[in-house]
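Chain and residue survey
The primary structure of each chain is shown beneath.
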Amino acid sequence: MPDLAATDLEALADRLGHQFADPAILRQALAHRSWCAEQAGEPSNERLEFLGDAVLGWVVADVVFRIFGQLAEGQLTDVRKAVVNAVALAEVAVELGLGDVLLLGKGESAAGGRAKPSILSDAVEAVFAAVYLDGGPAAAHALISRLLADRIAVAAGQLGGLDHKTTLQELAARRFDSFPVYLLDEEGPDHDKRFFATVTIAGVAYGTGEGRSKKQAEQAAARAAVTDLA
């Protein structure tokens, strides 16, 4: 995609639920440095990403503090970490369709940049900053609260600690810029079935596990992978 049409920006603004007084700032939020290297004088989204990270942290901290008054400081921190990370933000970016409208350099685009968690998570933070600058704190708070409400609720319900699959997701996103994939097999009759899982990252197997359910097998495989990669 050499550039963005006004209709692309309008459609994204509709998905965000914010009409921009200055659409140019939304366009900048989608401009990866690889694209800017090919376009003289075009600013990347890196400064917006910096601001968006801070805005995101503020909104999530504010939401969990106000809603979960019974939680201690350490638990509030755990909830925030569960939703403010590359994996969770990349998922939000996918839901918003950011990958399809990113401005990427030819090489990065050919290398699958539109699906890379690091690029997607950076872009969604830049978009948060764009909304903050264009519409003010209230607009940014409303958007981020809406997009992350379900994830915050789930995280608060899992305060026993993040599971092994979540830990592996975050590790894979940071180290490999990819998501884990679980391959499942099963054996035995329905009343006594066993499940076997192998977890791969970028096509390489890192752990295997088994259990009485698919979830147990995947958790065991993720635990083995985290141990192997530690």
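A brief structural summary. (Residues numbered from 1 in each chain as written. Predicted model: local features only at pLDDT ≥ 70, side-chain atom pairs only at ≥ 80, totals over all residues. Heavy atoms only, no water.)

An order of 1-2-3 is seen for the three strands of this open sheet, with the pairing classed as antiparallel. The sheet is open, and its two edges are formed by strand 1 (180–187) and strand 3 (204–211), each paired on a single side. Each neighbouring strand pair of the sheet contributes to a mean axis angle of 20°, computed without reference to strand direction. Bridge analysis of strand 1 against strand 2 (residues 194–201) gives eight bridges, and the strand direction is antiparallel. Pairing of L183 across the sheet is with T198, part of strand 2. (Pairing = 2+ DSSP bridges. Helix = DSSP H or I, 4+ residues; strand = E, 2+ residues; numbered from the N terminus. Axes fitted to C-alpha atoms, helices over the stretch in contact; angles between N-to-C directions.)

Quick look at the nonpolar core now. L16, F20, L30, L98, V124, F128 and I152 are the most contacted members of the largest nonpolar core, which totals 54 residues. With near-sequence residues (within four places) excluded, L30 lies in contact with L4, L9, L12, N45, L98, V101, L102, L103 and V127. (Core = buried A, V, L, I, M, F, W, Y, C linked by side-chain atoms within 4.5 Å. Buried < 20%, exposed > 50% of the residue type's maximum accessible area, 1.4 Å probe, protein only. Contact = heavy atoms within 4.5 Å.)

This next bit is on the packing of helix 5 (residues 73–83) against helix 10 (residues 137–156). Packing of helix 5 against helix 10 leaves a shortest axis separation of 9 Å and a crossing angle of 135°. The orientation of helix 5 relative to helix 10 falls into the category oblique. Considering only the axes of helix 5 and helix 10, their crossing is right-handed. In contact with V79, A82 and V83 of helix 5, helix 10 contributes R151, I152, A155 and A156. (Parallel < 35°, antiparallel > 145°, perpendicular 65-115°, else oblique. Left-handed = near helix turned anticlockwise from the far one by under 90°.)

What follows covers the environment of G135. Structurally, G135 is set in helix 9 (residues 117–135). Considered as a pair, G135 and D22 are 113 residues apart in the sequence and their alpha carbons are 9.6 Å apart.

A word on the pattern of salt bridges. Here the structure, examined in full by the defined rule, presents nine salt bridges. Among the ionic pairs, R33 bridges to E46, the shortest N-O distance being 3.3 Å. Placement of R33 in helix 3 (residues 33–36) and of E46 in helix 4 (residues 46–67) is noted, with a sequence separation of 13 residues between them. When its relative accessible area of 37% is taken as the criterion, E46 is described as partly exposed. When the shortest N-O distance is used, the salt bridge between R151 and E95 registers 2.7 Å. Remark: E95 occurs in helix 6 (residues 86–96) and R151 occurs in helix 10; sequence separation between them is 56 residues. Residues joined by salt bridges that share partners form a network here, namely E91, E95 and R151. (Salt bridge = Lys/Arg side-chain N within 4 Å of Asp/Glu carboxyl O.)

A word on the side chain of T200. Inspection of the secondary structure assignment puts T200 in strand 2. Residue T200 is classed as buried on the basis of its relative accessible area, which comes to 13%. Sequence-distant contacts of T200, defined by excluding residues within four places in its chain, comprise F179, P180, V181, L183 and A205.

Another point: helix 11 (residues 164–176). For helix 11, spanning 13 residues, the distance from its first C-alpha to its last is 17 Å, which sits close to the expected 18 Å at 1.5 Å a residue. The complete set of buried residues in helix 11 reads T166, L168, E170, L171, A172 and A173. Tucked inside the fold, the buried residues of helix 11 contact helix 5, helix 6, helix 9, strand 1, strand 2 and helix 12 (214–229). Two residues or fewer past helix 11, D177 is found with a positive phi of approximately 55°. (Expected span 1.5 Å × (residues − 1).)

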